[in-house]
Amino acid sequence: MKQGRVLIFTLLFIAILAISRIAGLGNSLQAASSVGKDTLTMVTSPDYPPYEYYDTQGGERNIVGFDIDIANAIAQQLGFKLKVMESDFNGLIPALQGNRADFVMAGMTPTEQRKKNVDFSITYYEAKDTIVAPKGSNIKKPQDLSGKKVGVQLGTIQEQNAKKIAQKVAGIQLKQLNKVPEVIQEIKSQRIDAAIVEDTVAKGFAQANPELEFNIIPKQEVAGSAIAFPKSSPLVEPFNKVLQKLKDKGELEKLVTKWFSRSNTAGTSSTAAVPKGGFNLDFTRIIPDIPFILQGIPLTLLFTGLSVSLGLIWGTVLSLLKISGIKPLGWVANAYTSIFRGTPLLLQLALVYYATPQLTGYDISALQAGVFTFTLNSGAYMSETIRGGIQAVDKGQSEAAMSMGVSYWLMMWDIILPQALKNILPALVNETIGLLKDSALVSTVGVVEILRSAQIVGANKYIYFEPLLFAGLIYYVLVMGLTKSASVLERRLRLSE
Ligand code: ARG
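The model shown is predicted, which means the values in this text are computed figures rather than measured ones. (Residues numbered from 1 in each chain as written. Predicted model: local features only at pLDDT ≥ 70, side-chain atom pairs only at ≥ 80, totals over all residues. Heavy atoms only, no water.)

Undergrad: Can you tell me about the overall build of the protein chain, naming the residues and giving the values?
TA: Along the backbone of the protein chain there are 19 helices and 13 strands. Scored against the burial criterion, the 497 residues of the protein chain give a buried share of 49%. Look at the contacts in the protein chain between residues 6 or more apart in sequence, and 79% of them connect residues 24 or more apart. For the protein chain, the exposed area adds up to about 23,300 Å²; of that, 59% sits on carbon and sulfur atoms. (Helix = DSSP H or I, 4+ residues; strand = E, 2+ residues; numbered from the N terminus. Buried < 20%, exposed > 50% of the residue type's maximum accessible area, 1.4 Å probe, protein only. Contact = heavy atoms within 4.5 Å. Areas by Shrake-Rupley, 256 points an atom, 1.4 Å probe, with all protein chains shown as cover.)

In structure tokens form, the structure reads like this:
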């Protein structure tokens, strides 16, 4: 019985430890208030080599590229530290509007439409659009796109341009994706026929994938890249001054040469032509990135530990409400359980993450939203398990305790709950395993855990199968470890009876 209580305290302890960690960790896209501070927060969409992409070599998790170098130069000149955050491209302007960042650099073109929502700096680079297609497909000009499936990145001017072309050329079917590497991958998988991609970016991808080629679309306006700020940000002026200085001094030109005239960009180090068809696994290509993927483990474990412990506490409260005999309390707890068990976890997560800032004004981080949702959800499941566990404890025990004048709550805490917990240990282990695997869902709101790390590596290296298989292996090993230690714990508890 004592062991049962030790178990409760251990879980509580884990929860407290984890909460204190997460408070510091949960800073992804945290509110960036005005200027009186020493760090500027920039948000970018790191799917765009050589402008910005993840450098995952040797376990580093750095966003690097042309834009990052410029941002660093400006921040340094203005005496700020720089913090770089990530989001999908179509989430960048919302991030500025929600005051979650001070500025955006993402090879972003200052279009009229965007200018209605954000302010822009002067432009710092110019680019043209190209059509990317498999070699030999003969898709080179906009006219060739007739009747074809064409991929673009969601929310970009490439999407706009493709729509314009589709007004003149018949039968174009558009496919919008969140990230540029996904667009490229879709051509390679032959799910789409071609894509519209900016020249310098297209060049990098074509170099990494010799089966692809790109052709600049004739007769188009050049589109520039500029820095975006929240409307009437005081930073526009000082940024423009430094940017102009960098241009005048030729510093900008140096960066252009550094990033745009290299024959290699992200991931092309392995310059592997991805073989079409056949069963060709090559794990050696992800070896340098393994430390990067492994870094997702502590976060996944922390996340799971926290959700389980908090879920257990919340589930216990709910179960006590259910058996309290006070009808309205029971109803509330039952309704709660039925809602949380009756709707998809992924939907709950999206609701908590996207609706919280709007409803409460609190800028919840992705990690916090994840823990909160998982706690609410697993609490619902656990409440049923715990209720069953409590009710399975011999009735004679509570009657004996009552007749000796022990109070209800003391009896629960001292006698019933510890035994109930011991009984439901296998069910708790099941719940933990479930949560551990479901933690992969938080990758959808941008937490870089195991699955997300594997996807980043895949995107950088233009390979998908190997990193995902490796991530699967990690999950499997973790679950096995968990199962083993749970059975040891269970044996100990039984021996101590
Ligand atoms: N220049 C284009 C635009 O402004 C595309 C930029 C995409 N950038 C990125 N980091 N994915 O729409």
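Undergrad: Talk me through the sheet that holds strand β11 (residues 194-198); I want residue IDs and the actual numbers.
TA: Note: strands within a sheet are paired through backbone hydrogen bonds, in either parallel or antiparallel orientation. Strand order across the open sheet formed by five strands is β10-β9-β11-β8-β12, with mixed pairing between neighbours. Edge positions in the open sheet fall to β10 (173-177) and β12 (212-216), since each of these has one partner strand only. Between one strand axis and the next, the sheet turns through 30° on average, direction left out of account. Relative to the sheet, helix α7 (residues 199-208) contacts β8 (129-134), β11 and β12, its axis offset from that of β11 by approximately 125°. (Pairing = 2+ DSSP bridges. Axes fitted to C-alpha atoms, helices over the stretch in contact; angles between N-to-C directions.)

Undergrad: Break down the layout of surface pockets for me, citing the residues and quoting the values.
TA: Counted as a void, the second largest pocket has a volume near 980 Å³. Considering the residues around the second largest pocket, the lining is formed by 32 residues, among which Asp129, Ile157, Gln160, Asn161 and Lys164 are closest to the centre. The dominant element in the lining of the second largest pocket, judged by the number of residues it contributes, is helix α5 (residues 157-168), at six residues. Of the residues belonging to the lining of the second largest pocket, the class tally is 13 nonpolar, eleven polar and eight charged. (1 Å grid on protein atoms, 1.4 Å probe; cavity = no way out; pocket = protein on both sides within 12 Å on 5 of 7 lines; lining within 4 Å. Points joined across faces, edges and corners; volume = space filled by probe spheres on them. Nonpolar A, V, L, I, M, F, W, Y, C, P; charged D, E, K, R; others polar.)

Undergrad: Give me the lowdown on the packing of aromatic side chains, citing residues and values where you can.
TA: One pass over the structure, following the stated rule, counts 17 aromatic pairs. Chaining the aromatic ring pairs together yields one cluster made of Tyr48, Tyr51, Phe66, Tyr124, Tyr125 and Phe260. Directly above the aromatic system of tyrosine 381 lies the positively charged group of arginine 341, at a separation of 5.9 Å from the ring centroid. (Phe/Tyr/Trp six-rings, centres within 6.5 Å; stacked < 30°, edge-to-face > 60°. Lys NZ or Arg CZ within 6 Å of the ring centre and 35° of its normal.)

Undergrad: Before we move on, can you summarise the site of the ligand with the specific residues and values?
TA: Surrounding the ligand, one finds 15 residues, the nearest of these being Ala106, Gly107, Arg114, Ile157 and Glu198. In this structure, alanine 106 approaches the ligand through a main-chain N or O atom, which is 2.8 Å from a nitrogen atom. Within the contact set of the ligand, a nitrogen atom lies 2.8 Å away from a side-chain nitrogen or oxygen of glutamate 198. Relative to its unbound accessible surface of 340 Å², the ligand loses 100% to contact with the protein. (Near = heavy atom within 4 Å. Polar contact = N/O pair within 3.5 Å; in protein donor to acceptor, adjacent residues only side chain to side chain.)

Undergrad: Go over the packing of helix α11 (residues 296-323) against helix α14 (residues 366-392), please, and point to the residues and values.
TA: Running from N to C, α11 and α14 point in directions that differ by 45°, and their axes come no closer than 5 Å. In terms of orientation, α11 lies oblique with respect to α14. As α11 runs across α14, the sense of the crossing is right-handed. Taken together, the residues of the contact of α11 with α14 break down into 18 nonpolar, eleven polar and three charged. (Parallel < 35°, antiparallel > 145°, perpendicular 65-115°, else oblique. Left-handed = near helix turned anticlockwise from the far one by under 90°.)

Undergrad: Could you give me a rundown of the packing of helix α2 (residues 66-78) against helix α8 (residues 236-248), with the residues and numbers involved?
TA: Packing of α2 against α8 brings their axes to within 10 Å, and their N-to-C directions diverge by 115°. For the element pair α2 / α8, the angle class is roughly perpendicular. Considering how the two elements wind past one another, α2 and α8 form a crossing that is right-handed. Residue-level contacts link Ile70, Ala73, Ile74, Gln77 and Leu78 of α2 to Pro238, Phe239, Val242, Leu243, Lys245 and Leu246 of α8. Split by residue class, the contact of α2 with α8 holds nine nonpolar, one polar and one charged.

Undergrad: An account of the pairing of strand β1 (residues 39-44) is needed here, citing residue identities and associated values.
TA: Buried residues dominate β1, accounting for five of its six residues. Judged from the six bridges that link them, β1 and strand β5 (residues 81-86) form a sheet pairing that is parallel. By the bridge assignment, methionine 42 is partnered in β5 with valine 84. Summarising the sheet, β1 and strand β6 (residues 103-104) pair through two bridges and their orientation is parallel. If you follow methionine 42 over to β6, its bridge partner there is phenylalanine 103.

Undergrad: Any chance you could break down unusual backbone geometry for me, citing the residues and the numbers?
TA: Geometrically, the link from proline 49 to proline 50 is a cis peptide bond, its omega value of 5° lying close to zero. Mapped onto the elements, proline 50 comes out in the loop between β2 (47-48) and β3 (52-55). Its identity is not glycine, yet asparagine 99 carries a phi of approximately 60°, on the positive side. Position of asparagine 99 relative to the elements: it lies in the loop between α3 (92-97) and β6. Non-glycine residue asparagine 138 carries a positive phi angle of around 60°. The topology assignment puts asparagine 138 in the loop between β8 and β9 (149-153). Taking the relative accessible area as the measure of exposure, asparagine 138 reaches 56% and is therefore exposed.

Undergrad: Give a detailed account of the environment of serine 121, specifying residues and quantitative values.
TA: Looking at the secondary structure, you find serine 121 in strand β7 (residues 118-127). Given a relative accessible area of 8%, serine 121 falls into the buried group. Each C-alpha atom of the pair serine 121 and leucine 235 lies 9.3 Å from the other, and the pair is 114 residues apart in sequence. Apart from the residues lying within four places of it in its own chain, the contact partners of serine 121 are Ala226, Ile227, Phe229, Asn240 and Leu243.

Undergrad: Any details on the sheet that holds β2? Residues and values, ideally.
TA: Taking strand neighbours across the sheet as the criterion, the three strands line up as β2-β3-β4 in an open arrangement whose pairing is antiparallel. A single partner strand is all that each edge strand has here, and the edge strands are β2 and β4 (62-64). Bridging between β3 and β4 involves three bridges; their strand directions are antiparallel. Bridging from a neighbouring strand, aspartate 55 pairs with asparagine 62 of β4.

Interpretation in functional terms is not warranted from these geometric data alone.
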